[in-house]
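Listed below, chain by chain, are the residues.
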Amino acid sequence: MKPTSFKSTCCYCGVGCGVVVTKESNGQLSLEGDKEHPSNKGMLCSKGMNLHYTVMDQSDRLLYPQMRMNRSMPMQRVSWDDALERTAAVFKTFIKKFGPDSVAFYVSGQCLTEEYYLVNKLIKGFIGSNNIDTNSRLCMSSAVMGYKLALGEDSVPVCYDDIEAADVMYVTGANPAWCHPIIWRRIEAHKAANPNVKIICVDPRRTDTARSSDLHLQIIPGTDIVLNHAIGRLLIENGYVDNEFILDHTDGFQAYCEKVMQRTIAEAAELCGVAKADIELAADWIGQSRGFLSFWTMGLNQSVIGVNKNLSLINLHLITGRIGTPGNGPFSLTGQPNAMGGRETGGLANILPGHREVANAAHRREMEDFWGSPVEIGSKPGLTATEMFEALADDKLKAIWIINTNPLVSMPDMNAVESALKKARFVVVQDVSNRADTVHFADVVLPASAWLEKEGTMTNAERRITHLPKVVNAPGEALPDAEIIWRFAAKMGFGDSFNYSSASEVYDEYVKVTAGTSIDVTGVSHAVLQQKRSVQWPFPAEADTFDQKNNNARLFTDHQFYTPNKRAQIHVVDDENRSEPVDEDFPLILTTGRIRDQWHTMTKTGRVARLNKHIPQPFLQIHPTDAAKRNISDGQLVTVRGRRGEVRVKAQVTEDVRPGLCFLPMHWGKILGSNGVRANNITSSLVDPRSKEPDFKFSAVEVSLYQKP
Ligand code: SF4
């Protein structure tokens, strides 16, 4: 048999790089970047380059369904029918006794679009609960809300080609050099070819991104809005605003002016802990640029004031009219491969497919009619990610079905989450690997097919949809996630409405619900994607009749926004941080984040020996001044203690963090961790009141030398 090549998409971060996978005659896989893919043009980062090893190493795979009748018993291998019939029986019993809101699905930005669509259809349209949320709640929901409030919908207005058209990159609360490396390489290559390009990095840590930037604004955590307001004030005072755009296409400018004039630049500089001259320089560069792109991720989103941080950034684009033209616009970088696809299919507790809202009666009716729902879709949002685990702890939620995510490492306030899962009456875990800590808390375990073992679609951070083909068979009895859901729906008695035989059929149904919406993809199917490789949304049925590149590469080219009056909204926001306070007992701020060669909770990257070599063990970055006060030397074992828990880890004494700040990577859990270093033992469960995204970047801690008990 000759080697065969398949085009697919990297299933790690939201950059969505194209890959070419070659299957050799002996079944071995090799992989390279797809030179024809517009997102990465053949480049791959260290994680993407090693992706095929995660498929070839099947040593930790879940191979067949398992269940146990109570938690003191060991798991038993069972048939798919037995596992799904028992799960359906338990779900039906709870729904009958306690109502449909007694059950929930917690899914993942790694799920394919078809999978997201099916779970959403099942619980909202057939079970009658809005209790579906995703781990994207933990990373992107503040950006979603920021876009909705400012632009009228959750719409990323830019594309990667804007990088090469911009001359100022404002990278705030993000470390793309490590976390979105291919975006960063495009930025670096653009700067190398155009030395006048300026990169401004806003981050309390001196990351690799900060080191390579022209200006590093190393702000005190939580002062992002103060900084953005100061830049806004300078743009106004120095005549860099676009009065015509403001007048014709926005509301709220006057109130914004009044707000930003309340603090002088000197006051803002002091609050942020940076030099006044540096804020002035950043404002000058932005004001004088032809193309102003801003990039952000978790530093803005994972905050108790995450929505306000997003709005304060988008405001800089609105007052300067820097949106809808080449090289200009706000660009939220998604951390997961299909966080965007999940949002399109309504995979959050408060939305419905096609960017519809559960709070909108007309939208609910449209979906009920489309699905032929036997129930009315509820008008209240379902439980969000953190609320689900709180409800399990309080016995308000009786059953949770967790798909392709590992909340026992990724959720904040982990000890509370662990205790909630222990108390839960019924836990189903659908996953690929037994390395996921959460598997060991399940009553029913369902083995799922991994990347390359199933077919479907994903949407990357620039609204680009690609098709992922099935390349290899799944091991054992593992099934594609979509098939698990449609089989379960049949066991629940909804078989007539879940009568699919392929992911392609599911996708064909999904695209119909987008007709006439802002994300219209009625011109897309698996066949179209196989032929065109990828398209950006919107891509309506008539899309082939126009030049796609010029019509949907970026949104708002006509400056007509999705708000009711078509005008972008400049929101006035408070600049105060509302994170938990530091005090005498907990005087340091802990922030968490990623390292270059690991991804999320390491269930995939942790299997790849060459990725583990980069940074094999967790560490705590602490400033030399703070370390000296506590007699801590580099490499010593320390205890990091917060109000909810503690971890023991080696100290890395470094000026890369500000005084008063510590940094701990978020990847390690109990199973893969060394000595159980689980950063989220400490993190706060405070959430932004509108986006419900947790405040991972600001927890009060104390650090001391580890003392043996
Ligand atoms: Fe994969 Fe992201 Fe790396 Fe691209 S940048 S290869 S999508 S991990």
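Sequence order as written defines the numbering, with residues in each chain counted from 1. Side-chain atom pairs in this predicted model are given and counted only at pLDDT of 80 or more, local residue features only at pLDDT of at least 70, and totals for whole chains, interfaces and linings cover all residues. By convention in this description, side-chain values take in all heavy atoms of the structure and omit both hydrogens and water.

A. Structural context of the overall build of the protein chain. Elements are defined by DSSP. Helices are runs of H or I of four residues or more, strands are runs of E of two residues or more, and each kind is numbered from the N terminus. The helix and strand tally for the protein chain stands at 26 helices and 28 strands. Computation of the radius of gyration draws on C-alpha atoms, with the globule rule given as 2.2 Å multiplied by the number of residues to the power 0.38. Taking 2.2 N^0.38 as the reference for a compact globule, 709 residues should give roughly 27 Å; the C-alpha atoms of the protein chain span a radius of gyration of 24 Å, in line with that estimate. Categorising residues by exposure relies on relative accessible area from a 1.4 Å probe, with only protein chains included: less than 20% of the type maximum marks a residue as buried, more than 50% marks it as exposed, and the intermediate range marks it as partly exposed. Relative to its 709 residues, the protein chain shows a buried fraction of 66%. Contacts: residue pairs with any heavy atoms within 4.5 Å of one another. Expressed as a percentage of contacts within the protein chain between residues at least 6 apart in sequence, the contacts between residues at least 24 apart total 74%. With residues, only the protein chains shown are counted as cover, and all accessible areas are computed by Shrake-Rupley using a 1.4 Å probe. A total accessible area of about 24200 Å² is found for the protein chain, and carbon and sulfur atoms account for 49% of it. Charge-centre separation for the protein chain: the mean point of 77 positive side chains lies 5 Å from the mean point of 82 negative side chains. Within this scheme the basic residues Lys and Arg register as positive and the acidic residues Asp and Glu register as negative, but His and the chain ends are omitted. Where a charge lies is defined by one atom per residue type: Lys uses NZ, Arg uses CZ, Asp uses CG and Glu uses CD.

B. Summary view of the sheet that holds strand β23 (residues 588-593). Here a strand pair is declared whenever DSSP counts at least two bridges between the two strands. Pairing is mixed around the closed barrel formed by six strands, whose spatial order is β23-β27-β24-β26-β25-β28. For this sheet, the mean angle separating the axes of adjacent strands, direction not counted, is 45°. Looking at chain direction, strand β24 (residues 619-622) and strand β26 (residues 646-653) are connected through four bridges and run parallel. Across the sheet, the residue bridging to Gln621 is Gln652, located in β26. To obtain an axis, a line is fitted to C-alpha atoms, over the contacting stretch when the element is a helix, and the angle between two such axes runs from 0 to 180 degrees between their N-to-C directions.

C. Structural context of the site of the ligand. Any residue with at least one heavy atom within 4 Å of a molecule or strand is counted as near it. With respect to spatial proximity, the complete set of residues near the ligand consists of Cys10, Tyr12, Cys13, Val15, Gly16, Cys17, Leu44, Cys45, Lys47, Gly48, Pro181 and Ile182. For the shell around the ligand, the secondary-structure elements that each account for two or more residues are α1 (46-49) and α7 (181-193).

D. Structural context of the packing of aromatic side chains. Note on aromatic pairs: the rings of Phe, Tyr and Trp (six-membered ring only in Trp) are paired at centre separations within 6.5 Å, and the planes decide the class, stacked below 30 degrees, edge-to-face beyond 60, tilted for the rest. Following the criterion strictly, the structure yields 23 aromatic pairs and no others. Taken together, Phe126, Trp486, Phe494, Phe498 and Tyr500 form an aromatic cluster joined through their ring pairs. Counting as a charge over the ring demands two things of the Lys NZ or Arg CZ atom: a distance within 6 Å of the ring centre and an angle within 35 degrees of the ring normal. Looking at Lys121, its charged tip hangs above the ring of Phe498, at a distance of 4.7 Å from the centre. One Lys or Arg, Arg648, reaches over the ring of Tyr706 and ends 4.7 Å from the middle of that ring.

E. Focus on the environment of Leu529. In this fold, Leu529 is placed in helix α23 (residues 526-532). Residues Leu529 and Thr466, spaced 63 residues apart in sequence, show a C-alpha to C-alpha distance of 6.3 Å.

F. Representation of the side chain of Thr438 in the model. Tracing the backbone through its elements, the reader meets Thr438 in the loop between β17 (426-431) and β18 (444-447). Apart from residues lying up to four places away in sequence, Thr438 is in contact with Ile402, Thr405, Asn406, Pro407, Leu408, Leu421 and Val429.

G. Geometry of the domain arrangement of the protein chain. As annotated, the domain borders come from an automatic or database domain assignment. By the assigned domains, the protein chain splits into domain 1 (66-138 + 337-552), domain 2 (141-333) and domain 3 (588-705). Averaged C-alpha coordinates put domain 1 and domain 3 at centres separated by 31 Å. The interface of domain 1 with domain 3 comprises 24 residues on the first partner and 29 residues on the second. Buried area: the accessible area, evaluated with a 1.4 Å probe, that two parts lose upon being put together, summed over both parts. Taking both partners together, domain 1 and domain 3 bury about 2100 Å²; carbon and sulfur atoms supply 52% of that area. When residues of domain 1 are sorted by the area they lose upon contact with domain 3, Val409, Asp413 and Arg435 head the list and together hold 29% of the total.

H. Expanded view of the side chain of Gln536. Its place among the elements puts Gln536 in strand β21 (residues 534-536). Any pair of N or O atoms that falls within 3.5 Å is considered a polar contact. Within protein, one atom must be able to donate a hydrogen and the other to accept it, and sequence-neighbouring residues count only if both atoms are side-chain atoms. At a separation of 2.8 Å, a polar atom in the side chain of Gln536 contacts the main-chain carbonyl oxygen of Glu462. In terms of polar contacts, Gln536 uses its side chain to reach the side chain of Arg464, at 3.2 Å.

I. Up close: the pattern of salt bridges. Any carboxyl oxygen of Asp or Glu within 4 Å of a side-chain nitrogen of Lys or Arg constitutes a salt bridge here. Applying the stated criterion to the full structure yields 47 salt bridges. Of the charged contacts, one joins Asp60 and Arg435 as a salt bridge, the two residues approaching to 3.5 Å between their closest N and O atoms. Within this pair, whereas Asp60 is found in the loop between α2 (51-56) and β4 (66-67), its partner Arg435 is found in the loop between β17 and β18, the two being separated by 375 residues in sequence. Residue Asp60 is classed as buried on the basis of its relative accessible area of 4%. Residues Arg211 and Asp656 are paired through a salt bridge, measuring 3.2 Å at the closest nitrogen-oxygen approach. A residue pair is termed long-range when its members are at least 10 positions apart, and Arg211 in helix α8 (residues 208-211) and Asp656 in the loop between β26 and β27 (661-665) qualify at 445 residues. Looking at Arg211, the relative accessible area reads 46%, which means it is partly exposed. Overall, Asp656 belongs to the buried group, its relative accessible area being 12%. Linked by salt bridges that have partners in common, Lys7, Asp34, Glu36 and Arg533 make up one network.

J. Spatial organisation of the pairing of strand β3 (residues 29-33). Here β3 shows a clear split, with Leu29, Leu31 and Gly33 buried on one side and none of Ser30 and Glu32 buried on the other. Bridge analysis of strand β2 (residues 18-23) against β3 gives five bridges, and the strand direction is antiparallel. The residue bridging Thr22 from the neighbouring strand is Ser30, located in β3. Two successive antiparallel strands, β2 and β3, enclose a turn made up of five residues, where Gly27 displays a positive phi of approximately 90°.

K. Structural detail: the pairing of β24. Neither face of β24 is open: one carries Phe619 and Gln621, the other Leu620 and Ile622, and all of them are buried. Note that β24 and β27 share two bridges and pair antiparallel. Bridge pairing links Gln621 to Phe663 in β27.

L. Main features of unusual backbone geometry. With an omega of 5°, the peptide bond running from Trp537 to Pro538 counts as cis. Assignment of secondary structure puts Pro538 in the loop between β21 and α24 (548-552). Notably, His600 is not glycine yet its phi reads approximately 50°, a positive angle. Here His600 lies in the loop between β23 and α25 (609-612). On the basis of relative accessibility, which here comes to 13%, the residue His600 falls in the buried class. A positive phi angle, near 65°, is found at Met602, a position not held by glycine. For Met602, the position within the fold is in the loop between β23 and α25. Given the relative accessible area of 5%, Met602 is considered buried.

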